[in-house]
Amino acid sequence: MQGIGLSASTVAAAARARLLIDVESAARLLAPMWPLHSFVAVNPLMGLLELGFEGAVREASRWLPMQGYPSPQFMEEEYHRGRVTDADLLAVLVDRRLDVNQTLPLLHAWLSGPEAIPASGKAGEQVDLARDVGWSYAIDAQLAAFCCAFADEGASTWGLGERSGGLYRCWRAVAAYDPLLRRQLRHRVAHAIAALPADPEEALLNALVRLDISEVHRVAQLRRRVARLPGWVSYAQWRQEWSGPDCASPPLRVVDLLAVQMSYEALLLDPEAMKANAPPISAGSDSVCAAIWLEAYERHYQDDLLAKLPVRQGPEEAKSPQAQIVFCIDARSERLRRHLEATGPYTTFGFAGFFGFPVAVAGMADRYATARCPVLMSPRGVVRERPAAGQERAAAFYLRKRARAAAVHNAWRAGKTVPGSPFVLAEALGWWLLPSASIRTFWPRGARRRGPATVLDSGDAGGLSLHERILFAENALLSMGLVRGFARLVVLCGHTGRTIANPHASALDCGACAGAPGGPSARVAARALNCPAVRTGLAERGVYIPPESWFLAAEHDTTTDTITILDRHLIPDGYAPELRRLESDLAEAGRRCAAERAGALPDIPRRTNSRQLAAHLAKRAADWAQIRPEWGLARNAAFVVGPRSLTFGINLEGRVFMHSYEPVLDADGTILEGILTGPLVVAQWINAQYYFSSVAPEVFGAGDKTLHNPVGGIGVLSGEGRDLKIGLPWQSVAASGELYHEPMRLVVVVQAPLERLDAIMERDSVLRQLVGGRWLYLVARPSRMQAYVWREGTWHSWQPATSTSGRMRAGQE
Amino acid sequence: MIAPMNYLLLTMLVLPLLGLLAGAMAGESLVGRRFVLGLVLVNLGVAAVLAVRVTLGSAFLVPGPWGLALVGDRLGVLFSLLAASIQATVLPYAARCLERSVFRRFAVLSQALLTASELTGMAGSFGALVLGWVAASLAVYLLVSNTVPGQRGARQLGVAFMLGDGALVGALAITRHVTGGASWSALPAVGASLRAIRLSLGPVVVTAADAVAVLIVVSAIVRSALWPGPRWLSSTLAAPTPVSALLHAGVVNAGGLLLIRLSPLLVSTPGFPLALAAGLGTAALSSVGTVVRSDVKGALVHSTMSQMGFMMAECAVGAYTLAVFHLVAHAMYKASLFLNSGDGIAATVRDRQSSALAVRAPINLRLIKAAIGGAGLFLLALVAPLTHVVRGDGALTVTFAVVTSGALLWGWLERKQPLAQELWTMVMVAAGGLAYLIWSSVVVGWLGAGWSPAVPTLLSPSWLIAALLAAGGFTALVACAAPPRVVAQLQARALWASWRMPSPKGIPSIARPRGVEVVSCKESV
């Protein structure tokens, strides 16, 4: 008997394992969504990576109401503007070996063709994914309302109790009080809920049986249901796979979501009637024309970019620089680097903004440490902020101040909760709140919190070992190609975007620091690189940093283009003159950068000089009504890996991620491999996030910012909707109904020998999938004179579209 | 002396109309936007001048054609001052957050709303009030439907307002049919003659006044988004933030104003008890909605409804001046909170991060300290020179203030603090409470000077004190004595009830008990 029992349980375990695999593969339609307090841009179709770009878009548009390509209307406008030309189309057709005479008319006809779904162009017009299907809308509305309470991280004053058992168990405990179930099931409701299995997997299996869904159709049926609540499913994907083991937020899993959703269906629906009512799965639109237009559009930009890169030795960088400044690879650094180099003898570098130190950082008054490294890595230590020497009293004062603020907040919560007191609270506070709201509206002024001077030392307890610090420092310096010729000042400049009353504020922060400000990472790295023990260790490994070189931390505020020097109290006195000069040059570069950037922002007063423009941008950043404080990474288009001499003095319009790379320091290709598997993936995610938020705003965009309704401290709802919004707000990619972002796939330009790239592609499957699946374009420049693009498994010499079409015409004649 | 004031009063109504025209013609340009805003600021200035005038002198009436009089009294001027100051804050905010074409529509319709609100506030007769009321409904409907992508929210709103406005127009029609035009001074006489008209339905005797009163209260319930009226307020979340700020700060208040202005028609009718029931019911239900919702705007919607419920209950027990004080302060409070709704994510993170800076204080000690703080405020209130404490509704204010200061202390002392700081906190909260009492007494005194309204005969402010004690007792019982299962059940009910119930009309068939029985069979085996 025991044997039979055992085998039965083995069968059950196998069934559950198969179910979990099916759920996982169904949910791969959607990418994880990070909570908004640490927004991380992702490729929304990263789960479908192996299908290639076109395949993934086709698969996604089978389930989700989206197109996935720029609309014909958009392309028509761009065509008339000359942004994409017949020459570009011809070049693409030749590459694809399509018959030009037949295809070209078809492509032009596509421009004036109908649009299946109103895609980009209508801000905020969100497609309610389940509106047309009454029953699924009713079920999803109840489920999503429950999710809002379940996933809450403390926004409501009466949060749900025990949640550690997961969504399904929490729901099952109270489902008998759901008005929808009560109305439909009447007196049977308590019994029906009590009869549901306690375990989510079992409940899902039961529901599948009830709904008569066979194992063959299971993935498809689950995928259809996943597509009904893309926001919550994406968030659950983050929680179960990416949030880390010690995450404090409630455990939300996709299988729980599906178990609740399908339990509702099993309780409420008659399977036969439902089958008749189910919407047909669409076949996915024929998108070949759209894909060709997109490629031509990209091709045009790539030609421009490659034509800009110098063929001969250009103007050289400063030989003995006054300071070396390392910026994040973020595309917004490009402008600042260019302007800074123009102000004086500075050399700049591009490197991931966590500066190679994967740590989590906790402020002095913080309860939780937050990760400050790319989400592809996990933090190797926790660095706690501690008061600098002689600042202990100031620090204690600061902590008391913070405790007092927390107490006031507790009082506010109690005042909102105790019966009767909210009324008096409103009567007492209203007289003060409206005048202050008026002042905030008429004279925006950002609140800057000032605390005592502190230190972030990764060598402290809980941080990194000396060996680790030496290793990370060596890696960072080697990767950025800075191993000799150190200047007296080496600045590590992180970045952040400071805005207020902006739910998507962290989308403007550093992607390499997991959607957090980059300043702390810069402080950690600079502190380690100034540490004598680390420098000795580095010298033993062949990287000699002269004792007179000092590493400085700084932070670039991308919203105002101001640069702040951090940890000023740690700088030895001898550097004062250089520091003064550096600061004034940074300020000047920032002003020029702001002036250049302001040109692209709407509602900028005309006839103003750079100083006034910078002041205007500062005001904009502090304005709580402002929905577009900066453009962020919109228009990002390329990733350049190579020495600065490759791009020195060229205006790349803030559209290019730049990673420093010295081919000569990397004979075996390990550094390049690190770049192409780490920072490149992050850049591709950012690029894809912007792409899909632009071309499929209904599904992969967060919609109109003025409708946003922050929920649970983790995300936003839009208007009356109950599903979390994923992606970027419409205002981040478009203005006045027109796209500002140019939806294009990333083009990666690498200064390296072809063999080295071949070897890396041989080794790394993700890179192979990205390049081979056309998620990005890989262009190699083995020397200044040549450029090769990887296409269909081999390198092709780069031919500008104009020359291709010229040859075509010649050939035809 | 009177004549220039008449012009000022008319100017107030004309200025927003100019703004409307300017908005329509040049709302998309910077100059046009500034011009509209300038007009609103001038409007605010005019309202301030009128406020000085009614403080120094007495109320004055501006007669008009068809019984459409305007009145310059303290209530009307305060209402207009509020409407203009809300607009002066929201308009520049909207100018920066809305796309230009949307802002243009917003500017036009918000100015229409301003005119209508000011007309409602300063109406000198029932007819003028209804005109302002219906115009405001129309303006709100157009405002929401022209700024919401998609039409769902606006349709629900339109149906609700048609119901409410229909009721009010019905009340006006009956009144007019019986007595002709009615300015505010003539209203008690109108009420008397309405009460004289009796209609016996079997054993029940109904007067015309009863019918009019019920219609008026229904209209007020709809406009103030009270239970059990239609839930239009949550459907307007589909509109942009500044629109919500205007709705929650201005439009919902009109229900209270209506009851106060027409109170002579409501005495000795079921009107007041009906308003009290709706008010208290909403205050209780929506208070729970406020605390369970985790989305910022959803919580704010429920908060508005519960605050409106409280305000309406105050009207129903005859505490009109307190109700107006509440209405004005709440409008300013809620407009600001809506404008700051984008801070939701950052605020939650801030709280989480600083939630463990000190250890928890023991509960009993906290209770005692909170009680001491509340008692201290009570003693202060007894000795302080508060003008309205001696009047009947003073006890109401003091009771609520004492409860609130206790609540604030309860939260404030949740974490351990040095003794000196705790004492300081208690002193500060008591001082704040006293300042609040003095300020409310000043405003209420200003508003009530020379005002002898018709008050309900049966109901008195002590009903609200009783309701507060009942609610407090129930909450304490649930918090301390209820088993977790019951708490979870209450919470779940409140949670789902706080969201609009989706229509299940697409559900193909109501499930037969088939599956349920199968599963239960298995269990019994």
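Criteria and thresholds
- Residues numbered from 1 in each chain as written.
- Chains lettered and ligands numbered in written order.
- Predicted model: local features only at pLDDT ≥ 70, side-chain atom pairs only at ≥ 80, totals over all residues.
- Heavy atoms only, no water.
- Pairing = 2+ DSSP bridges.
- Helix = DSSP H or I, 4+ residues; strand = E, 2+ residues; numbered from the N terminus.
- Salt bridge = Lys/Arg side-chain N within 4 Å of Asp/Glu carboxyl O.
- Contact = heavy atoms within 4.5 Å.
- Buried area = accessible area lost by both parts, 1.4 Å probe.
- Polar contact = N/O pair within 3.5 Å; in protein donor to acceptor, adjacent residues only side chain to side chain.
- Nonpolar A, V, L, I, M, F, W, Y, C, P; charged D, E, K, R; others polar.
- Axes fitted to C-alpha atoms, helices over the stretch in contact; angles between N-to-C directions.
- Expected span 1.5 Å × (residues − 1).
- Bend = angle between axes of the 7 residues up to and from the residue.
- Buried < 20%, exposed > 50% of the residue type's maximum accessible area, 1.4 Å probe, protein only.
- Arc of directions from axis to C-beta.
- pLDDT = per-residue confidence, 0-100.
- Patch = residues over 30% accessible without salt bridge, like charges linked within 9 Å, V, L, I, M, F, W, Y side chains within 5 Å.
- Areas by Shrake-Rupley, 256 points an atom, 1.4 Å probe, with all protein chains shown as cover.

J.: Please clarify how the sheet that holds strand E3 (residues 360-362) of chain A should be interpreted in this entry.
T.: Paired through backbone hydrogen bonds, the strands of a sheet run either parallel or antiparallel to each other. The mixed open sheet is built from three strands, whose spatial order is E4-E3-E5 (chain A). Two strands close off the open sheet at either side, each with one partner strand: strand E4 (370-371) and strand E5 (382-384) of chain A.

J.: Looking at this structure, how should I read the pattern of salt bridges?
T.: Two side chains that carry opposite charge are able to pair once their charged atoms sit near each other. Residue and element names in this part refer to chain A. The final tally for this structure, using the stated rule, is 58 salt bridges over all chains. Arginine 28 serves as the salt-bridge partner of glutamate 50, at 3.4 Å between the closest nitrogen and oxygen. With a gap of 22 residues between them, glutamate 50 in the loop between helix H1 (2-27) and helix H2 (52-63) and arginine 28 in the loop between H1 and H2 connect regions that are remote in the sequence. A salt bridge links arginine 568 to glutamate 583; its shortest N-O distance comes to 2.5 Å. Separated by 15 residues along the polypeptide, arginine 568 in the loop between strand E10 (562-566) and helix H22 (576-598) and glutamate 583 in helix H22 bring together distant segments of the chain. Three or more residues are tied together by salt bridges with common partners; here these are Arg16, Arg169, Asp199, Glu201, Arg253 and Asp256.

J.: Where do I start with the interface of chain B and chain A in this structure?
T.: Quite often, the size of an interface is put as the accessible area lost when its parts meet. Listed as interface residues are 115 residues of chain B and, on the opposing side, 123 residues of chain A. When chain B packs against chain A, the two sides together hide about 10100 Å² of surface, and 63% of this comes from carbon and sulfur. Inspection of the region where chain B meets chain A yields five salt bridges. Of the charged contacts, one joins Arg96(B) and Asp623(A) as a salt bridge, the two residues approaching to 2.5 Å between their closest N and O atoms. Joining chain B to chain A, the criterion identifies 30 residue pairs in polar contact (both at pLDDT 80 or more). With 12 residues, helix H15 (residues 320-339) of chain B is the largest single contributor of residues to the side of chain B that touches chain A. Taken together, the residues that form the side of chain B that touches chain A break down as 60 nonpolar, 35 polar and 20 charged.

J.: Any chance you could explain the sheet that holds strand E11 (residues 638-641) of chain A here in plain terms?
T.: Residues and elements named next belong to chain A. The six strands lie next to each other as E12-E11-E19-E20-E21-E22, forming an open sheet whose pairing is mixed. The open sheet is flanked by strand E12 (656-659) and strand E22 (794-797), the only strands paired with a single partner. On average, adjacent strands in this sheet sit at an angle of 25° to one another, irrespective of strand direction. The pairing of strand E20 (residues 776-780) with strand E21 (residues 788-791) spans two bridges and is classified as antiparallel.

J.: How do you make sense of helix H18 (residues 421-442) of chain A when you look at a structure like this?
T.: Every α-helix winds through 3.6 residues per turn, so residues three or four apart in the chain are directed the same way. For H18(A), with 22 residues, the first-to-last C-alpha span of 31 Å sits near the 32 Å given by 1.5 Å per residue. Along its length, H18(A) reaches its greatest deviation from straightness, about 45°, at Leu429(A).

J.: In this structure, what is going on with unusual backbone geometry? I would like to understand it.
T.: Note: most residues except glycine have negative phi, and most peptide bonds are trans. Cis rather than trans, the peptide bond between Trp227(B) and Pro228(B) has omega equal to 5°. Tracing the sequence through the fold places Pro228(B) in the loop between helix H8 (208-223) and helix H9 (232-235). A positive phi angle, near 60°, is found at Ala514(A), a position not held by glycine. If you trace the backbone, Ala514(A) turns up in the loop between strand E8 (489-496) and helix H20 (519-530).

J.: I keep staring at helix H3 (residues 72-81) of chain A and nothing clicks. Help me out?
T.: All names here are of chain A. Within the sequence span of H3, burial applies to Pro72, Phe74, Met75, Glu78 and Tyr79. For H3, the arc enclosing every buried residue in end-on projection is 155°, short of the 170-degree limit, so these residues lie on one face. Those residues of H3 that are exposed and angled more than 90 degrees off the buried face are His80 and Arg81. On its buried face, H3 sits against helix H4 (86-95), helix H5 (100-111), helix H15 (288-308) and strand E18 (738-739).

J.: What exactly am I supposed to notice about the confidence of the model for chain B here?
T.: The predicted structure's coordinates, where accompanied by low pLDDT, should not be read in detail. Per-residue pLDDT for chain B has a mean of 87; in total, 93% of the residues score no lower than 70. Both confidence scores are given for the complex: pTM 0.93, ipTM 0.92.

J.: Hey, could you run me through a nonpolar patch on the surface in this one?
T.: Residue and element names in this part refer to chain B. Side chains of Phe378, Leu379, Leu380, Leu382 and Val383 sit close together on the surface and give an oily, nonpolar patch of about 500 Å² of accessible area. Among the secondary structure elements, leucine 380 is positioned in helix H17 (residues 363-383). A relative accessible area of 31% places leucine 380 in the partly exposed class.

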